[in-house]
Amino acid sequence: RSFGLVLNKLNGDYLSAEDVGTTPSDMEVVRSVTPFVFGLPSRGTAAGGDPSPWTALGVFLSIERVLVRRGIALAGSRVAVQGLGSVGADLCRRLHHSGAKLVVADVDQQAIKRLLTGVPAEVSDPNAIHASRVDIFAPCALGGGLNQETIPEIQAPVVVGAANNQLAGDAD
């Protein structure tokens, strides 16, 4: 409710939705005090709910298109996915289903275990996955992972991910 009151003060200059650490149910509470919120649970034919499957689809389609432009088939390509939350795990499932080989990392060991129950993948250290020899590096973890230390170590020719703020700062 307090967050909703802050959104009201911004008078629509900022619109919020479900994201890391929140749920569509949380957005219902925010909505109880402000109209400036999305990501509410689906009702009838109205769109809503968790946006992460759509985010994962957007990243997947972007990866697919980038690989086509580079003359690389998605099936058999190698993709490193950093972060196995809602978006990263969904992206991994889509990539696996399309025949990509995965390198994955997450600071949460349970997230890795959940993914590996249905998706085979090479597991990397979260602090080293950016340096994996892959066709695509997909940062889908919390932001700031691309910085003055990691950027020179990236082996992938392309970065396509869903992290909200992939660059640590303007200089990056």
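Residues numbered from 1 in each chain as written. Predicted model: local features only at pLDDT ≥ 70, side-chain atom pairs only at ≥ 80, totals over all residues. Heavy atoms only, no water.

Draft legend 1. Geometry of the sheet that holds strand β1 (residues 78-82). Read from one edge of the open sheet, four strands run β3-β2-β1-β4, paired in parallel fashion. Both edges of this open sheet fall to β3 (122-123) and β4 (136-139), since each of them pairs with a single strand only. As paired elements, β1 and strand β2 (residues 101-105) share five bridges and run parallel to each other. Along β2, the bridge assignment pairs Ala-80 with Val-103. (Pairing = 2+ DSSP bridges. Helix = DSSP H or I, 4+ residues; strand = E, 2+ residues; numbered from the N terminus.)

Draft legend 2. Seen up close, helix α2 (residues 24-31). Residues Pro-24, Met-27 and Val-30 constitute the buried set of α2. Down the axis of α2, the buried side of the element spans an arc of 100°, and every buried residue falls inside it. (Buried < 20%, exposed > 50% of the residue type's maximum accessible area, 1.4 Å probe, protein only. Arc of directions from axis to C-beta.)

Draft legend 3. Spotlight on the pairing of β2. For β2, a buried count of four out of five residues is recorded, marking the element as mostly surrounded by other parts of the structure. The handedness of the β1 to β2 crossover, carried by helix α4 (residues 86-97), is right-handed. Here two bridges tie β2 to β3, and the two strands are oriented parallel to one another. Each bridged residue has a counterpart across the sheet, and for Val-104 the counterpart in β3 is Val-123. Read from β2 through helix α5 (residues 109-116) to β3, the crossover connection turns out right-handed. (Right-handed = clockwise from strand over helix to strand, strands pointing away.)

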